[in-house]
Amino acid sequence: MVEEQIRQMVETAKRDAEKVGELHDLRIAAKRMRYTLEVFAPAVENSAGYLRTLKALQERLGALHDADVLMPFVADNVDHPTVRAGVVALADCVHTERE
């Protein structure tokens, strides 16, 4: 059951990679599942592996959310054309990473 839930979370993250709000909600769901699993870990086979996967998913989704929030702000508030171009290139890299 736990494995299936995690698999669905990972698939959703891959499928909805451009949906900022949905990814943020998924991150929160992964965090809640991780904390719940920590409580029941002694009773769940392979809980250590599941916890590692959930932590990695949560961290990755958190980094994507930070980039989603930060890059448009920086791009809109940078006056120097070279810096703006660098931010746009970084945003393209993040977009490519999601595919």
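Here, every reference points to the structure presented above.
What comes next concerns the included structure. (Residues numbered from 1 in each chain as written. Predicted model: local features only at pLDDT ≥ 70, side-chain atom pairs only at ≥ 80, totals over all residues. Heavy atoms only, no water.)

### Some words on the side chain of Gln58
You can see Gln58 is positioned in helix α3 (residues 47–77). At 3.0 Å, the side chain of Gln58 forms a polar contact with the side chain of Arg34. If we skip the residues at most four places from it in the chain, Gln58 touches Arg27, Lys31, Arg34 and Tyr35. (Helix = DSSP H or I, 4+ residues; strand = E, 2+ residues; numbered from the N terminus. Polar contact = N/O pair within 3.5 Å; in protein donor to acceptor, adjacent residues only side chain to side chain. Contact = heavy atoms within 4.5 Å.)

### A look at helix α2 (residues 20–40)
Taking 1.5 Å per residue as the helical rise, α2 with its 21 residues ought to reach 30 Å, and the 30 Å between its terminal C-alpha atoms agrees with that figure. What α2 keeps buried is the set Leu23, Leu26, Ala30, Met33, Arg34 and Leu37. Here the buried residues of α2 occupy an arc of 105° about the axis, which is enough to place them on one side. Looking at α2, the residues exposed on the side facing more than 90 degrees away from the buried face are Asp25, Arg32 and Val39. (Expected span 1.5 Å × (residues − 1). Buried < 20%, exposed > 50% of the residue type's maximum accessible area, 1.4 Å probe, protein only. Arc of directions from axis to C-beta.)

### With respect to the packing of helix α1 (residues 2–15) against α2
It is at 10 Å that the axes of α1 and α2 come closest, and there the two elements cross at 160°. What the angle tells us is that α1 and α2 run roughly antiparallel. Between α1 and α2 lies a crossing whose hand is left-handed. Taken together, the residues of α2 that come into contact with α1 (itself represented by Val2, Gln5, Ile6, Met9, Thr12 and Ala13) are Leu23, Leu26, Ala29, Ala30, Met33 and Leu37. (Axes fitted to C-alpha atoms, helices over the stretch in contact; angles between N-to-C directions. Parallel < 35°, antiparallel > 145°, perpendicular 65-115°, else oblique. Left-handed = near helix turned anticlockwise from the far one by under 90°.)

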